[in-house]
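Structural characterization, general
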Amino acid sequence: MSFAAVLRAWRERALLSQEQLALRTGLGVRTIRRLEADGTRRPHGDTVRILADALELAEGERDHFAALARGDDAAPAAGVPRQLPRDATWFTGRSVELERVLAVASDLPRQPDGPKDSPGSAVVISAIDGMGGVGKTALAVHAGHRLAGQHPDGQLFIDLHGFTDGMAPVEPAQALDRLLRDIGVAGERIPARLEERAALWRSVLAGRRMLIVLDNAATEAQVQPLLPGAAGCLVLVTSRRRLTALDATTVVSLDTMPQADAIQLFARTADRPDLMTDAPEVREAVQLCGRLPLAIRIAAARLKHRRVWMVADLVTWLRDVIGRPATFHDGQRSLHGTLHLSYQHLSSDGQRMYRLLGLHPGPDIEPYAATALTGEGLDGVRRLLDRLADDHLLTEHTPGRYRFHDLVRAHAADTAVREETQAQQREAMNRLLDHYRHSTAAAVDAAYPFERQRLPTVSPSGSPVLDLSEPNRANRWLDTELGNLLAAAHRAAIHGFPEHTWQLSAILDGHLRTRSRHRDAEMLRQQALDLARDHGDLPAEMNALNDIAHGDSTLGRYRQATGHHERALQIAQEIGDRRGELDALAGLGHVHRLLGQYEQADDHYQRALQIAQEIGDRSGQRQTLQGLGSVHRMRGRYEEASGYYGEASRIAQDIGDRSGEWQALTGLGHVHRMLSQYEQAAGHYQRALQIAQKIGNRSGEWQALCGLGDIHQKLGRHREANSCYQKMLDLAKELGNSNGQFEALQGLGRLHHSTGQPDIALIHHQQALRVATDLAQPADQARAHDGLAHAHHALNQHELACQHWQRALDILTALGTDHTEEIGASIPEIRDHITAHHQA
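Residues numbered from 1 in each chain as written. Predicted model: local features only at pLDDT ≥ 70, side-chain atom pairs only at ≥ 80, totals over all residues. Heavy atoms only, no water.

Considerations on the overall build of the chain
Counting secondary structure elements, the chain contains 38 helices and 7 strands. Since a compact globule built from 840 residues should have a radius of gyration of about 28 Å, the 37 Å found for the chain marks it as more spread out than a globular shape. On the principal axes, the C-alpha backbone points of the chain span a range of 120 × 65 × 55 Å. For the chain, buried positions account for 57% of its 840 residues. Intrachain contacts of the chain at a sequence separation of at least 6 include 66% that bridge at least 24 residues. Accessible surface for the chain amounts to roughly 35,600 Å². Of this, 47% is attributable to carbon and sulfur atoms. Side chains of the chain carry 94 positive and 106 negative charges; the gap between the two charge centres is 5 Å. (Helix = DSSP H or I, 4+ residues; strand = E, 2+ residues; numbered from the N terminus. Rg over C-alpha atoms; globule rule 2.2 N^0.38 Å. Buried < 20%, exposed > 50% of the residue type's maximum accessible area, 1.4 Å probe, protein only. Contact = heavy atoms within 4.5 Å. Areas by Shrake-Rupley, 256 points an atom, 1.4 Å probe, with all protein chains shown as cover. Lys, Arg positive; Asp, Glu negative; His and termini not counted. Charge placed at Lys NZ, Arg CZ, Asp CG, Glu CD.)

Listed below in structure tokens is the structure:
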């Protein structure tokens, strides 16, 4: 073919008129006409380059085009197309996915020098799908270049424009017309009807070994007519949708990039020699881009072309634009445009679902919550969620649970704000909050039936809800949904749904404490308190104050806990809320007990017990009996303590309070340990540990481990004791529980002292003393001083030992008690140590 004929054929292949090609190149219509009409005309090299760019010729086609323009008789045959776009210089990573695509070539007949009709099992098709901007085309082109040598009859590439801004998807008949021309079929031979074109395509490909890349497909129906009919060809299909009806040999779904590959892509694109890939700012930039290749390339290109910018400047920019996808672009590539194309291809129901999911505040969503959010039927919602997952706008990360990529979430939220009225957004959020509040109340009612009287009554939800009446299922639901519930309560607080906030706070508080989610509980309680005060709701304020005070005492903030409980007690007495008064008094008893103020603790617990008995609150009775048992144990009154613990245990079993049961068992274990009844103590601790582990109470685990560690130590089982203390210390640090850290450090100190390592024991007791001092817990300070005294004594530092024993003696005398929870750390024993020192 002449240069003129090839120019005309490739212009028609690009679906351009002579006028359109002239406009795209700037050459003028008359020039284009002369070049196509005169087969002997030789255009300049610049003109050839401009035409090749405008026609988007592949590398092999460019060589052929230039050779024809020079009149080179040795020009490569135009009948062997080499249409693959240039391989991306920035291509990085995707090693696993690339290997899967390359592996499909092994299914092809491996006889490149033999007959072209070598038998094969079937046409080999590899479908590459993934969200917009994830790098599907780059992978297909890169793999195509790697596989080109195995396809001597050529490589075809066609963009089907399934998701292209301003362009309709290419019709199969139109695509076949171009593909047939590309492999040398004359235009007059191409039939008009789709079926006949598809049949001719299959006939022409029979016996050939070709690589065909069908890029950017919209649907299976668009692709099916373009598939060869016999083995020998490899077809790579890319699409934003899962083409589930396509009989693909291999399906590769692209996700975001691993961190290391994402950083490498960022560095290659930025092309900054001074870039430190291990810098925290680089990691943050990549994470802000969600490890999405398109976003990374946009961000890195901005850094490349702004040489005065440091990576920290880019991070600042990214933080600003992440929530505004429309501003995330580099002039040519746009994150908003990429995502919006996928959105526009959804049905109207799918678009509404996508928008409203953007309003969901939590990390993921399941069909019941999505049903509440949209107000649609459950079956229809499930279909729409699956469709969004097939279109890679959602990820089904576990069966039945869906989540957005962070950048997609930002686009969905932005779209919701633009296309849903404020009233529509508020209605959707109200439905969702009603659903979460009702479901949470039902789950807590099943998981913690003994708390039923203490929880607020909530209105039923207007949408379908799961059956959460079985306790184990209820607990699983609470644990699974906890992130969503906390996020929903926070959204309610800042968007004017105060009742949802303080009710969710009150309902969730016990579960958060059981799971040792102290910081989450603290944030939720404070939001509830602020809203209650803003709206003048005294009962809500009282409940929030009591809950906050419980958290304060857990974290060792005893002064704040006392203030909050006292204010809650005042409100309860003003409004006549006996249960609120009970909670405040029991809480004050707990704080005074931890501070070693046993008389005040006993008084508050007794008053709380009386109220609990009067109003028939058995959970309250259990709680105050537990507290009284601890007060008597701390004062060395073990018989009375055992009685209180025993009664608390019986009530806990009656009302199904497993948390209360392990607390009572732990208390009984302490009593038997102090009485040197070690086997009985070990039995109680072991049962307490089993219950705590079964119900997922991490705080209960460390308390039981503490008791077991002490028993193992007393019985000389040092390895087992060390294991218990180390597990306990790790767990306490994980939970941020300072009391747990003190007990573990004190236990480790005693253990190392008993194994002849006083130098190591000294370090642990010093750390324990610092913790007890920070917590302002004098009884524990006395225990730490006693441990330090023993360590110094073993190191022959007798003056220091005596000083610490004297300090412990002074503390216990001030507390009005002669016992601590430490065996061997009582006033009589400490006095004996001091006397022995002075006599030495």
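Re the pairing of strand E4 (residues 234-239)
The element E4 is largely enclosed, with a buried count of 6 among its 6 residues. Side chains of E4 alternate between two faces, with Leu 234, Leu 236 and Thr 238 and Val 235, Val 237 and Ser 239 buried alike. Bridge analysis of strand E1 (residues 124-129) against E4 gives 6 bridges, and the strand direction is parallel. Across the sheet, the residue bridging to Ser 126 is Leu 236, located in E4. Here strand E3 (residues 211-217) runs beside E4; their pairing, made up of 5 bridges, is parallel. Among the inter-strand pairings, Val 213 is bridged to a residue of E4, identified as Leu 236. (Pairing = 2+ DSSP bridges.)

Some details on the packing of helix H30 (residues 658-674) against helix H32 (residues 698-714)
One way to put it is that H30 packs onto H32 with a least axis distance of 10 Å and a crossing angle of 20°. As the angle between them shows, H30 and H32 are arranged roughly parallel. When you trace H30 past H32, the crossing you get is left-handed. Residues Trp 662, Thr 666 and Arg 673 of H30 touch H32, and the partners they reach there are Ser 699, Gly 700, Gln 703, Asp 710 and Ile 711. (Axes fitted to C-alpha atoms, helices over the stretch in contact; angles between N-to-C directions. Parallel < 35°, antiparallel > 145°, perpendicular 65-115°, else oblique. Left-handed = near helix turned anticlockwise from the far one by under 90°.)

Thoughts on the packing of aromatic side chains
Overall, the coordinates contain 3 aromatic pairs when judged by the stated rule. An angle of 40° between the planes, with centres 5.5 Å apart, marks the rings of Tyr 343 and Tyr 354 as tilted. Here the residue Tyr 343 occupies a position in helix H15 (residues 335-344), and Tyr 354 occupies one in helix H16 (residues 348-357), the gap between them amounting to 11 residues. Here Tyr 343 matches Tyr 354 in class, with each residue buried. Joined through ring pairs, the aromatic side chains of Tyr 343, Tyr 354 and Phe 404 make up one cluster. Looking at Arg 306, its charged tip hangs above the ring of Trp 309, at a distance of 5.5 Å from the centre. Across from the ring centre of Phe 497, 4.0 Å away, lies the NZ or CZ of Arg 426, which sits over that ring. (Phe/Tyr/Trp six-rings, centres within 6.5 Å; stacked < 30°, edge-to-face > 60°. Lys NZ or Arg CZ within 6 Å of the ring centre and 35° of its normal.)

A short note on helix H11 (residues 259-270)
Think of an α-helix as 3.6 residues a turn; residues three or four steps apart then line up on the same face. Its 12 residues place the ends of H11 16 Å apart at the C-alpha level, agreeing with the 16 Å of an ideal helix rising 1.5 Å per residue. Those residues of H11 not exposed but buried are Asp 261, Ala 262, Ile 263, Leu 265, Phe 266, Thr 269 and Ala 270. Residue Asp 271 follows H11 closely and has a positive phi angle near 55°. (Expected span 1.5 Å × (residues − 1).)

Structural notes on the pattern of salt bridges
The final tally for this structure, using the stated rule, is 50 salt bridges. Two residues, Asp 414 and Arg 418, come together in a salt bridge whose shortest N-O distance is 3.1 Å. On the criterion of helical spacing, the pair formed by Asp 414 and Arg 418 is a turn pair, its members being 4 residues apart in helix H19 (residues 406-419). The closest approach of N and O atoms between Glu 522 and Arg 519, which form a salt bridge, is 3.5 Å. Here Arg 519 and Glu 522 lie together in helix H23 (residues 518-535), a separation of 3 residues that amounts to about one turn. Overall, Glu 522 belongs to the partly exposed group, its relative accessible area being 27%. Residues joined in a network through salt bridges with shared partners are Glu 743, Arg 750, Asp 780, Arg 783, Asp 786 and Glu 822. (Salt bridge = Lys/Arg side-chain N within 4 Å of Asp/Glu carboxyl O.)

Structural notes on the environment of His 792
Counting through the fold element by element, His 792 comes out in helix H36 (residues 778-794). Apart from the residues within four sequence positions on either side, His 792 is in contact with Leu 762, Gln 797, Leu 800, Ala 801 and His 804. Engagement of the side chain of His 792 in a polar contact is seen with the side chain of Gln 797, the distance being 2.5 Å. (Polar contact = N/O pair within 3.5 Å; in protein donor to acceptor, adjacent residues only side chain to side chain.)

Details of the side chain of Gln 155
Here Gln 155 is to be found in strand E2 (residues 155-159). Apart from residues no more than four positions distant in its own chain, Gln 155 is found in contact with Pro 81, Arg 82, Gln 83, Leu 84, Ala 148 and Leu 211.

A closer look at unusual backbone geometry
For residues besides glycine, phi is generally negative; the peptide bonds are generally trans as well. Unlike most non-glycine residues, Asn 216 shows phi in positive territory, near 65°. Along the polypeptide, Asn 216 turns up in strand E3. Note on Asn 216: relative accessible area 13%, which makes it buried. Even without a glycine there, the phi angle at Asn 796 is positive, about 65°.

Digging into the environment of Leu 98
Summarising the element assignment, Leu 98 is placed in helix H6 (residues 95-103). Note on Leu 98: relative accessible area 7%, which makes it buried. The spacing of Leu 98 and Ala 143 is 45 residues in sequence and 6.6 Å in space, taken between C-alpha atoms. Discounting residues that sit within four places of it in the chain, Leu 98 has contacts with Leu 139, His 142, Ala 143 and Arg 146.

Considering H19
Between its terminal C-alpha atoms H19 stretches 20 Å, which fits the 20 Å expected from 14 residues at 1.5 Å a residue. Residues Leu 407, Val 408, Arg 409, Ala 410, His 411, Ala 412, Thr 415 and Ala 416 constitute the buried set of H19. Tucked inside the fold, the buried residues of H19 contact helix H12 (280-288), helix H13 (293-305), H15, H16 and helix H20 (422-447).

Examining the nonpolar core
Formed by 136 residues in total, the largest nonpolar core has its most connected members in Phe 266, Leu 314, Phe 328, Tyr 354, Leu 357 and Leu 478. No other element matches the 10 residues that H20 contributes to this core. Discounting residues that sit within four places of it in the chain, Leu 314 has contacts with Phe 266, Ala 285, Ala 299, Arg 302, Leu 303 and Trp 309. Val 591, Leu 594, Ala 688 and Leu 745 belong to the second largest nonpolar core, which has 44 residues in total. (Core = buried A, V, L, I, M, F, W, Y, C linked by side-chain atoms within 4.5 Å.)

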